[in-house]
Every structure is written in C-alpha cells, then in structure tokens.
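Spelled out from the first residue to the last, the chains are:
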Amino acid sequence: MCARRVEVAAAVILREDGRFLLAQRPPGKAYAGYWEFPGGKIEEGESAQDALRRELHEELGIEAVTLFPWMTRDYDYPHAAVRLRFFRVTRWRGEPHGREAQSFAWQATRDLTVAPLLPANGPILRALDLPPVYAISHAAALGVETWLVRLERALVQGLQLLQVREKDMSATDLEALVERSLRAARRHGARVLVNGDLDIARRSGADGIHLTSAQLRSLDRRPAGFDLLGASCHDAADLAQARSIGAEFVVLGPVQPTATHPGAATLGWVRMAALLQDYTLPVYALGGLKPSDMEPAWRAGAHGVSMMRAAWEL
C-alpha cells in the first residue's frame, strides 16, 4: 500500500500569534467544502519542499521563505491512499489570497470556527496544541522551594508543558511536589505529566504520564486513564513502540552530551533528522539543549525542545 500512496506536501502556515491557516476545498474536488491545510501533490522528480513552495504560490499567491519538516501522516480516503508530508511555514512573502476562489481562515486549536475538517487532520490539530518547550523539573538539585519559585516565573512567562521527574525523591515527597506543581500550573492553564509513576499521576489528577524508555519497551498497550501520554525514546525501535501504543508525543535523545548521563552516546542533529524522517508523532529533542537550539531542532524535524537545567535558568 505505501508504495502506491499519493505523496502530498502540506503546510502549517503559522503566524507569530500561533494561529495557522486553513483553506476550504473548492467545488469540483473530492471533499469539496471541507477545510484543510494548504498544499498538494508532489510531482515525480520534485522534492516535497519544492512541491509545497509551488502549491502555496499557485493556491495562495505567497512565496514560502522558511519552512521546517514536521510530521508525516498516512491516510486512506475512499478515493485515494495518501502520504501527507507536513511542514511548518514560519516566514513567507506576500499576503495569502485564494487564487482558486477558495475561502481560507486563520484558526487556533482551541478556537476552531470552521468545519468540517478533512478526516486526516485530527492528529495534526492535537499536535499543534502542544507547545514548543517541554520543561523537566529540577527540584531536588535546586531545592524544592527555589525550584517552585522558578516554576511560577516560567509559567508567567508562558511555559505550558511540564514533566515532573525527580528520580532521587521518595514517593511521598514526589507526590507532594506533583500536587504543588499542579496547583501552580492550573493557575496558568499549563499541563503537567509525571515521569514513570502511574499511581502518583492518577492520584494527583495529573494531565498525563511520561513513560521511561524501559516502561515503554515493556508495554503492549497504552496505560488507561491519561489524557496525555509521552515517552522517552532513544532509537528507531523506541519510536515505533511509542507510535504503536498511541502516545501523543515523544522525546528523543540525547542529542548532545548531558551532565545527567555523562559518557552516553549522543545522536547529533544529523542522526535525529534521519530518525524523524516519515515519523508520525510530535517529537521533542532532548539532551544538553538550550532555547537557542529550537531552530536546529525544527530543521531536524522535531516539534520542539525538552530541557531540564536550561528551563530554569531564568
């Protein structure tokens, strides 16, 4: 089936306010009237990037300047089996206008005003609801009270996704920290996942669980009762396993050397890009990263970066 799939390039055109562009399929096309991310078929001998630039010029009259590979999604429609290669477009020239008389609208994941959407786009919208930074707690090293002050500051500055990971804490102390982290996060609309401990995550009412790589490899199905499931991955087998159990996202690393795992083998950006080619889930790059590593992560196909020490250097 994959060899016969129609290859399609699709654009998530992102404004600085986080809104993205959806276009309505014109009359005469399959699923006419449905809303989709702009793009079109990749012609033989054409790269996905070149196809997307051509399609955006033909459809919307814009010239894509900066585009980053993102996610790939296979979908079987009644009329065709497609492979959708999504790119995030962050800079372009020109003002979008419907050159094929189609309507378009700037949208937000939590404020959609158009319908219906093409069926293949549901997971894309869920992925877009994930922020670019996934912070990891550092309370034991900094001191709980110091870290909670820094957490509050980060939340005020826009942090939206946190993993509480404290391997050296007792279960009692960890649960207390999770509960305090959740109270702070709730005040700012942020979400909290607990690393490894399903019981604490459930009792505390956390938004999700983050599986260690060992947990991920031991499971044959998704743990029940969590809105968000993240997983730590180190290689292609881990990535495939996370996809098979229905994780919302993964972290992949280490990309660079870290103080947490001195001497561990690192992926580097080239290897990460190879692992993420054709991958279907949002991926956070992990391992010795800083906010300045966001663009290299995007170029490699990652959704964003996950940070521990650098997240709290405020």
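Above this text you will find the structure in question.
Quantities reported herein were computed from a predicted structural model and do not represent experimental measurements.

1. A short note on the overall build of the protein chain
Okay, step 1: Scanning the protein chain for helices and strands turns up 10 helices and 15 strands.
Okay, step 2: Rg of the C-alpha trace for the protein chain: 20 Å, near the compact-globule value of 20 Å for 314 residues, within the 12% margin.
Okay, step 3: Dimensions of the protein chain, computed from C-alpha atoms along their principal axes, come out at roughly 60 × 40 × 35 Å.
Okay, step 4: Counting only contacts in the protein chain whose residues sit at least 6 apart along the sequence, the fraction spanning at least 24 positions is 62%.
Okay, step 5: With 37 positive and 37 negative side-chain charges, the protein chain shows a separation of 1 Å between the mean positions of the two kinds.

2. Points about the environment of L289
Okay, step 1: Its place among the elements puts L289 in the loop between β14 (283-286) and α10 (294-299).
Okay, step 2: On a C-alpha basis, the gap between L289 and D129 in space is 22 Å, while along the polypeptide they are 160 residues apart.
Okay, step 3: In contact with L289, other than residues within four places in its own chain, are V255, Q256, W269, V305, M307 and A310.

3. Some thoughts on helix α4 (residues 144-156)
Okay, step 1: The end-to-end C-alpha distance of α4, which contains 13 residues, comes to 18 Å, matching closely the 18 Å that a straight helix rising 1.5 Å per residue would cover.
Okay, step 2: If you check which residues of α4 are buried, you get W147, L148, L151, A154 and L155. Looking straight down α4, one finds its buried side chains confined to an arc of 120 degrees; they lie on one side.
Okay, step 3: Those residues of α4 that are buried lie in contact with α3 (139-142), β9 (161-164) and α5 (171-187).
Okay, step 4: Taken from the residues just after α4, G158 is the one with a positive phi, measuring 120 degrees.

4. Things to note about the sheet that holds strand β3 (residues 35-36)
Okay, step 1: Taken in spatial order, the 3 strands of this open sheet run β3-β2-β7, and their pairing is antiparallel. Of all strands in the sheet, those with a lone pairing partner are β3 and β7 (104-107), marking the two edges.
Okay, step 2: With 2 bridges connecting them, strand β2 (residues 20-24) and β3 associate as antiparallel partners. Paired with Q24 across the strands is W35, a residue of β3.

5. Points about the sheet that holds strand β13 (residues 249-252)
Okay, step 1: Reading around the circumference, β8-β9-β10-β11-β12-β13-β14-β15 is the order of the 8 strands in this closed barrel, with parallel pairing throughout. The average angle at which neighbouring strand axes cross in this sheet is 25 degrees, direction not considered.
Okay, step 2: Packed on one face of the sheet, α5 meets β9 and β10 (191-195) and runs near 170 degrees to β9.

6. Overview of the packing of aromatic side chains
Okay, step 1: One pass over the full model with this rule turns up 11 aromatic pairs.
Okay, step 2: On the basis of an interplanar angle of 50 degrees and a centroid distance of 5.5 Å, the ring pair of F68 and W298 is categorised as tilted. In this pair, F68 sits in strand β5 (residues 63-76) while W298 sits in helix α10, placing the two residues 230 residues apart along the sequence.
Okay, step 3: The exposure class assigned to F68 is buried, which follows from its relative accessible area of 5%.
Okay, step 4: Judged by relative accessible area, which is 23%, W298 ranks as partly exposed.
Okay, step 5: Ring geometry for Y134 against F249: centres 5.1 Å apart, planes inclined by 85 degrees, an arrangement best described as edge-to-face. Highlighted residues: Y134 in strand β8 (residues 133-136) and F249 in strand β13, separated in sequence by 115 residues. Take Y134 and F249: they sit in the same class, and that class is buried.
Okay, step 6: By the ring-pair criterion, three or more aromatic residues cluster together here, those being Y31, Y34, Y75 and Y77.

Rules and cut-offs
Residues numbered from 1 in each chain as written. Predicted model: local features only at pLDDT ≥ 70, side-chain atom pairs only at ≥ 80, totals over all residues. Heavy atoms only, no water. Helix = DSSP H or I, 4+ residues; strand = E, 2+ residues; numbered from the N terminus. Rg over C-alpha atoms; globule rule 2.2 N^0.38 Å. Contact = heavy atoms within 4.5 Å. Lys, Arg positive; Asp, Glu negative; His and termini not counted. Charge placed at Lys NZ, Arg CZ, Asp CG, Glu CD. Expected span 1.5 Å × (residues − 1). Buried < 20%, exposed > 50% of the residue type's maximum accessible area, 1.4 Å probe, protein only. Arc of directions from axis to C-beta. Pairing = 2+ DSSP bridges. Axes fitted to C-alpha atoms, helices over the stretch in contact; angles between N-to-C directions. Phe/Tyr/Trp six-rings, centres within 6.5 Å; stacked < 30°, edge-to-face > 60°.

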